[in-house]
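Coordinates in review
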Amino acid sequence: MIRYTNPILPGFYPDPSVCRVGEDYYLVNSSFEFFPGVPLWHSRDLLHWEQLGHVLTRDSQVPLSGCRASGGIYAPTIRCHNGRYYMVTTNTTGGGNFFVWADDIHGPWSEPIYVKQGGIDPSLFWDDDGTVYFHSTHFDETGRQCIGQCTLDLATGEMLTETRPIWYGTGGKCPEGPHMYKRGDKYYLMIAEGGTEYGHMETIARSDSPWGPFESCPHNPILTARDINPRSGFPQALGHADLVKDTAGQWWIVFHGIRPSQFMLHHMGRETMIAPVTWDENGWPVVNGGQPITEVMETPAPAGYTPKEAQTAWTDTFSSQELSNRWAYLRNPNRENYTLGQGLTLRGCDATLDDCDSPTFVGVRQGHFDAVVEANLEVAHLGEGAQLGLSVFHVPEHHYDLYVTRREGALVAVLRRRVVDMVVESAPVVLPEGQPLTLRIDAGRLGYTFSAGVQGQPLTTLGTGSTQLLATEVTICTFTGCFYGMYAQGDSEGTFISFSWQEKAEN
């Protein structure tokens, strides 16, 4: 038996989908308004993952202009068939459902091939005779939501049949996230229900035909935390899952869940988790032996398991000509505002973090409650009122910004806290000209402390911000989580020499 920790991908990595190719596993996540689109991961043991990059790396594949918060790319599915990789998803900002393909997992991936079937959360299934089934959410002629299905020509994206409802779920709201599997002579359809909040759950049904009728599993939901007290410390809002069988024949389920910071509040987004699956004597899946999902799990080792230490620190000195795979932009970036080489140089523009636009911003997902985050900055040019800074960003209406600006000619540091229509700024702290500066965030489960000053010297604390006011439950239906981001705004140019985070013990 081994022990591992959920989440296996900490931070905003929701809606996981996984496939196995030989001894290799590949996993993708939703990316919403962030670019590049669809993080792509590789593993040999299902527990330890390395990010290969992203599937959608070109503006033509993922146009996000004007994308609202939590719009954009929803719920991808990854599959491999006859040596070709397929990723199917939805761009809710424009275009709808589409898929891309690649003969090499590292890409390049094709341009989008759009499918007329509506809804979200698309998935692909190949039957033994080669028929390709495409399923997504669907509304029937009465307006009732269900899972809809058609057959598809993969060469063109043409629907070969009309969309037909195949299952309405077990009665939970928002039946979505369908995946179909064949085990023996039975077709299994697994979906998410209950909404992606605290009533989230995963249910499954089976049939003798991919068109149904589908028989619901008698012990649905097969995965949920809806009846577990949110004060218990157990992960919550479990669902949106995908099944995979390892090389030893053991089944696993990947899914997302949340770790509340306090009662009914979470700010790091939905995170990827995993649990073992067995099949009972009646041919139904049982997740984790029917026991609740916990952060620390004990299970037989998956095939290929190799112990590895969890990463607790990371530093980027921007010495490469390309950004690390960890970084993400807000929507499609204006690339002339970013230069790599001796550090990362950012140039401001008119777009701000308050706008659903393309501000000069690049961020990494917050994956730990307790951490120290630092960015070292050299100011090249800073006009009156312009900004160079470090942000804890969730959405345009909810972010905390520690920035350097110029007021009445003086170089100062300021903490700005934006929460809906309330904006609070700290008293400015005067900084010396011409010296490298440090911007620091001390993160805790319930709050952040912001400090600034000259690099290598004691820093001045400018103020604090509550994690509560950046929580998903405080925003308007967001599916994302908090980022630590460097940004430039207005008439500004500066070079970030380094960025680092270090996990620390919880207070």
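This next bit is on the overall build of the chain. Counting its secondary structure elements, the chain contains zero helices and 40 strands. On C-alpha atoms alone, the chain measures out to a radius of gyration of 23 Å, which is about the 23 Å that the 2.2 N^0.38 rule sets for 507 residues. With respect to the principal axes defined by its C-alpha atoms, the chain has extents near 75 × 45 × 45 Å. Looking at the 507 residues of the chain, the share that counts as buried comes to 60%. Sequence-distant contacts, at least 24 apart, represent 56% of the contacts inside the chain between residues at least 6 apart.

This next bit is on the sheet that holds strand β3 (residues 24-28). Sheet architecture is open: four strands sit in the order β2-β3-β5-β6, paired in antiparallel fashion. Unpaired on one side and paired on the other, β2 (17-21) and β6 (50-56) mark the two borders of the sheet. Strand-to-strand twist across the sheet, computed as the mean angle between neighbouring axes with direction ignored, equals 25°. Here β2 pairs with β3 via five bridges, running antiparallel. The residue bridging Cys 19 from the neighbouring strand is Tyr 26, located in β3.

It is worth spelling out the packing of aromatic side chains at this point. With the rule as written, the count across this model stands at 27 aromatic pairs. A centroid spacing of 5.4 Å and a plane angle of 75° characterise the contact between Trp 251 and Trp 279, whose relative ring orientation is edge-to-face. In this pair, Trp 251 sits in strand β21 (residues 251-258) while Trp 279 sits in strand β22 (residues 271-279), placing the two residues 28 residues apart along the sequence. The two residues Trp 251 and Trp 279 agree in class, both being buried. Directly above the ring of Trp 314 sits Arg 326, whose terminal nitrogen or CZ lies 4.5 Å from the centroid.

Our focus in this paragraph is the pairing of strand β9 (residues 96-102). Residues in a regular strand point their side chains to alternate faces of the sheet. Counting buried positions along β9 yields five of seven residues, so the element is predominantly enclosed. Across seven bridges, strand β8 (residues 84-91) lies against β9 in antiparallel orientation. Bridge pairing in β9 links Thr 89 to Phe 98. Between β8 and the antiparallel strand that follows it, β9, lie four residues; Gly 95 among them carries a positive phi value of about 105°.

Before going further, it helps to spend a moment on the sheet that holds β21. Strand order in the open sheet made by the four strands is β20-β21-β22-β23, with antiparallel pairing throughout. Every interior strand has two partners, whereas the edge strands, β20 (236-245) and β23 (285-287), have only one. Taking the axes of each pair of neighbouring strands and ignoring which way they run, one obtains an average angle of 35° across the sheet. Pairing between β22 and β23: three bridges, direction antiparallel. Considered in β23, the bridge of Trp 279 is made with Pro 285.

On to the side chain of Thr 405. Within the element layout of this structure, Thr 405 appears in strand β32 (residues 398-407). For Thr 405, the side chain forms a polar contact with the main-chain oxygen of Ala 386, separated by 2.5 Å. Leave out the neighbours within four places in its chain, and Thr 405 touches Leu 382, Gly 385, Ala 386, Ala 410, Leu 411, Val 412 and Val 414.

Scoring rules and cut-offs
Residues numbered from 1 in each chain as written. Predicted model: local features only at pLDDT ≥ 70, side-chain atom pairs only at ≥ 80, totals over all residues. Heavy atoms only, no water. Helix = DSSP H or I, 4+ residues; strand = E, 2+ residues; numbered from the N terminus. Rg over C-alpha atoms; globule rule 2.2 N^0.38 Å. Buried < 20%, exposed > 50% of the residue type's maximum accessible area, 1.4 Å probe, protein only. Contact = heavy atoms within 4.5 Å. Pairing = 2+ DSSP bridges. Axes fitted to C-alpha atoms, helices over the stretch in contact; angles between N-to-C directions. Phe/Tyr/Trp six-rings, centres within 6.5 Å; stacked < 30°, edge-to-face > 60°. Lys NZ or Arg CZ within 6 Å of the ring centre and 35° of its normal. Polar contact = N/O pair within 3.5 Å; in protein donor to acceptor, adjacent residues only side chain to side chain.

Limitation: the analysis is restricted to geometry and does not speak to function.
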